[in-house]
Amino acid sequence: MKRKMAWIGIPWIAGLFIAAACRNKMTVLLLLAAWMLLGAFRFLRSLTTGQMLCAGISLTVAMGTVLAYTALVYRLIVAHDGTATTFSGRVTAAAVYDGDWAAYQVKGSFADGTRAKVLVFTEDLGAAYGDQLDVAGSFSVMEDSYLFQTASNYRAKGIFLQADSDALVTRTASESGRLIRALQ
């Protein structure tokens, strides 16, 4: 059983790494070809056809999953980078900072219907989980700085855009999410 997991798991992890680290299609193809060539030279005599097929299929499915997510989700959301549009959604997390500022994670949709999660850093509106936020303005892709790894942190949560500081943000209070508010 351990061998079967190794022939599925190791290529799966390698495929995820290759697809995430090398978004360029040509680089992915070259790395995949190199991996297969090295594997063929090293293990050709000790591997069965089934093991090679299992490893190859696992690698291919992992790379396909990451690249499909990139094409179908990430690029549609990032297409709103630098555009002035409206976004409307519900607050899923709120953090209040000193100086009456707050960061809200909002899950909703753009005016064209694209569903996304967006980070809104604005004056504290008193919004809590479940409240409706309407954002009108421009959006930008987050970038890491020397103080905080913003892009890396929020990318793991599926948040790729942030509302620019000049965006107009309005809050509509909601009664939904009372249990989560009480737990928080």
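First things first, this report covers the structure right here in the doc. Remember, predicted model here, so these are calculated numbers, not experimental data.

Each value, and the rule that gives it
- Residues numbered from 1 in each chain as written.
- Predicted model: local features only at pLDDT ≥ 70, side-chain atom pairs only at ≥ 80, totals over all residues.
- Heavy atoms only, no water.
- Helix = DSSP H or I, 4+ residues; strand = E, 2+ residues; numbered from the N terminus.
- Buried < 20%, exposed > 50% of the residue type's maximum accessible area, 1.4 Å probe, protein only.
- Contact = heavy atoms within 4.5 Å.
- Areas by Shrake-Rupley, 256 points an atom, 1.4 Å probe, with all protein chains shown as cover.
- Patch = residues over 30% accessible without salt bridge, like charges linked within 9 Å, V, L, I, M, F, W, Y side chains within 5 Å.
- Salt bridge = Lys/Arg side-chain N within 4 Å of Asp/Glu carboxyl O.
- Phe/Tyr/Trp six-rings, centres within 6.5 Å; stacked < 30°, edge-to-face > 60°.
- Core = buried A, V, L, I, M, F, W, Y, C linked by side-chain atoms within 4.5 Å.

## Some remarks on the overall build of the protein
Here comes step 1: Helices and strands together make up the secondary structure of the protein, namely five helices and six strands.
Here comes step 2: In the protein, the order of α-helices and β-strands from amino to carboxyl end is α-α-α-β-β-β-β-α-β-β-α.
Here comes step 3: Here the protein, with 184 residues, has 32% of them falling under the buried criterion.
Here comes step 4: Counting contacts in the protein only where the partners sit at least 6 residues apart, residues at least 24 apart contribute 62% of the total.
Here comes step 5: Carbon and sulfur atoms make up 63% of the accessible area of the protein, which totals about 11800 Å².

## A word on a nonpolar patch on the surface
Here comes step 1: Residues Trp12, Ile13, Leu53, Ile57 and Val61 make up a contiguous nonpolar surface patch of roughly 490 Å² in combined accessible area.
Here comes step 2: When residues of the nonpolar patch are traced back to their parent elements, those giving at least two are helix 1 (2-21) and helix 3 (49-78).
Here comes step 3: Per-element accounting of the nonpolar patch gives the leading share, three residues, to helix 3.
Here comes step 4: Turning to its location among the elements, Leu53 is positioned in helix 3.

## A few points about the packing of aromatic side chains
Here comes step 1: Per the stated rule, a full pass over the model turns up six aromatic pairs.
Here comes step 2: Aromatic side chains Tyr97 and Phe121 sit 5.9 Å apart centroid to centroid with 50° between the ring planes, which places their arrangement in the tilted category. Residue Tyr97 is found in strand 1 (residues 84-97), and its partner Phe121 is found in strand 3 (residues 115-123); the two are separated by 24 residues along the sequence.
Here comes step 3: Taking 5.2 Å as the distance between ring centres and 85° as the angle between the ring planes, the aromatic pair formed by Phe110 and Phe139 counts as edge-to-face. Of this pair, Phe110 sits in strand 2 (residues 101-110) while Phe139 sits in strand 4 (residues 132-141), and the two are 29 residues apart along the sequence. Phe139 shares its class with Phe110; the two are buried.
Here comes step 4: Members of the aromatic cluster, each reached through a chain of ring pairs, are Phe87, Phe110 and Phe139.

## Considerations on the environment of Tyr69
Here comes step 1: Structurally, the position occupied by Tyr69 is in helix 3.
Here comes step 2: Note on Tyr69: relative accessible area 42%, which makes it partly exposed.
Here comes step 3: Not counting the four nearest positions on each side in its chain, Tyr69 is found in contact with Tyr74 and Phe160.

## Focus: the nonpolar core
One recurring pattern in soluble globular proteins is that nonpolar side chains are buried together.
Here comes step 1: In terms of nonpolar packing, the biggest core is built from 20 residues, with Phe87, Tyr104, Phe110, Val120, Leu133, Val135 and Phe139 touching the most fellow members.
Here comes step 2: Among the secondary structure elements, those contributing two or more residues to this core are helix 3, strand 1, strand 2, strand 3, strand 4 and strand 5 (161-163).
Here comes step 3: Element by element, the count of residues in this core is highest for strand 2, at four residues.
Here comes step 4: Those residues in contact with Phe110 that sit more than four places away from it in its chain are His80, Thr85, Thr86, Phe87, Ala116, Val118, Phe139 and Leu161.
Here comes step 5: Of all hydrophobic cores here, the second largest spans six residues; its members include Ala103, Met142, Ala151 and Tyr154.

## Focus on the pattern of salt bridges
Here comes step 1: Enumeration according to the criterion identifies one salt bridge in this entry.
Here comes step 2: Residue Arg171 is joined to Asp131 by a salt bridge in which the shortest nitrogen-to-oxygen separation is 3.0 Å. Separated by 40 residues along the polypeptide, Arg171 in strand 6 (residues 168-172) and Asp131 in the loop between strand 3 and strand 4 bring together distant segments of the chain.

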